[in-house]
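The residues making up each chain are set out below.
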Amino acid sequence: SVGHIIDLPKSKIGIKIEDNFQPQYTLIASKKDLANELKDEAAKADEIFLATDPDREGEAISWHLASLLKLPETACCRVVFNEITKNCVTNALKNPRTIDMNLVSSQETRRIGKSGL
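Now for a description of the structure that goes with this document. (Residues numbered from 1 in each chain as written. Predicted model: local features only at pLDDT ≥ 70, side-chain atom pairs only at ≥ 80, totals over all residues. Heavy atoms only, no water.)

1. Considerations on the packing of helix 2 (residues 56-68) against helix 4 (residues 101-114)
Move 1: Viewed as axis vectors pointing N to C, helix 2 and helix 4 meet at an angle of 100°, and their least axial separation amounts to 8 Å. Taken together, the axes of helix 2 and helix 4 are roughly perpendicular relative to one another. Within the contact between the two elements, helix 2 uses Arg56, Glu57, Glu59, Ala60 and Trp63 and helix 4 uses Met101, Leu103, Val104, Ser106, Gln107, Glu108 and Arg110.
Move 2: Residue composition of the contact of helix 2 with helix 4, grouped by class: five nonpolar, two polar and five charged. (Axes fitted to C-alpha atoms, helices over the stretch in contact; angles between N-to-C directions. Helix = DSSP H or I, 4+ residues; strand = E, 2+ residues; numbered from the N terminus. Parallel < 35°, antiparallel > 145°, perpendicular 65-115°, else oblique. Contact = heavy atoms within 4.5 Å. Nonpolar A, V, L, I, M, F, W, Y, C, P; charged D, E, K, R; others polar.)

2. Focus: the layout of surface pockets
Where empty space is left can be seen by rolling a probe of water-molecule size over the atoms.
Move 1: Here the largest pocket is characterised by a volume of approximately 230 Å³.
Move 2: Lining the largest pocket are 16 residues, and of these Ser1, Leu38, Phe49, Leu50 and Leu65 lie nearest its centre.
Move 3: Of the pockets and cavities examined, the second largest pocket occupies roughly 160 Å³.
Move 4: Residue lining of the second largest pocket: Trp63, Ala66, Ser67, Leu71, Pro72, Glu73, Ala75, Cys77, Thr98, Ile99 and Met101, and that is the complete set.
Move 5: A total of three residues in the lining of the second largest pocket trace back to one element, the largest contributor, which is helix 2.
Move 6: Tallied by class, the residues present in the lining of the second largest pocket amount to eight nonpolar, two polar and one charged. (1 Å grid on protein atoms, 1.4 Å probe; cavity = no way out; pocket = protein on both sides within 12 Å on 5 of 7 lines; lining within 4 Å. Points joined across faces, edges and corners; volume = space filled by probe spheres on them.)

3. Side note on the pattern of salt bridges
Move 1: Tallied over the full model, the rule gives five salt bridges.
Move 2: With a shortest N-O distance of 2.8 Å, Asp7 and Arg111 are connected by a salt bridge. Of this pair, Asp7 sits in strand 1 (residues 6-7) while Arg111 sits in helix 4, and the two are 104 residues apart along the sequence.
Move 3: Here Asp7 falls in the buried class, since its relative accessible area comes to 16%.
Move 4: Close ionic contact of Glu57 with Arg110 constitutes a salt bridge, the shortest N to O distance being 2.7 Å. (Salt bridge = Lys/Arg side-chain N within 4 Å of Asp/Glu carboxyl O. Buried < 20%, exposed > 50% of the residue type's maximum accessible area, 1.4 Å probe, protein only.)

4. Things to note about the side chain of Gln107
Move 1: Residue position: Gln107 is located in helix 4.
Move 2: Accessibility expressed as a relative area gives 4% for Gln107, which makes it buried.
Move 3: For Gln107, the residues in contact, after removing those within four places along its chain, are His4, Arg56, Glu57 and Ala60.

5. Examining the nonpolar core
Move 1: Counting 15 residues, the largest nonpolar core has Ile5, Leu50, Leu65, Leu68 and Leu71 as the members making the most contacts within it.
Move 2: For this core, the secondary structure elements donating two or more residues are helix 1 (32-44) and helix 2.
Move 3: Take this core: its biggest share by element is four residues, from helix 2.
Move 4: When residues no more than four places from it in sequence are discounted, the contact partners of Leu65 are Ser1, Ile5, Leu38, Leu50 and Thr52. (Core = buried A, V, L, I, M, F, W, Y, C linked by side-chain atoms within 4.5 Å.)

6. Re the environment of Met101
Move 1: For Met101, the position within the fold is in helix 4.
Move 2: Exposure remark for Met101: the relative accessible area of 38% places this residue in the partly exposed category.
Move 3: On a C-alpha basis, the gap between Met101 and Cys88 in space is 23 Å, while along the polypeptide they are 13 residues apart.

Read these as geometric descriptors, not functional statements.
As structure tokens, this is what we get:
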């Protein structure tokens, strides 16, 4: 995804205050073609692994990608590795996990704070 593909809108606060402060995410305009390409490729795939960075930003990107690709919340599609070696990548692919919503919530809280609310 080359970084974030979904974010809070830049043109407004992006938070529904009357709806318990729910974030209103949107597809980043410059990533529309990439999003369509990812959806097309995902439709052809037997398995999808999300291998974004192993921090809260990467976890949030994986969560947004899973949403974009309509992957079930219970999908064990998240793989994490700290170095790009055959052994580490192979091990990560053998041990996928679900998306860590605690990390996603951490990033979301940080991002909402940066939105100016």
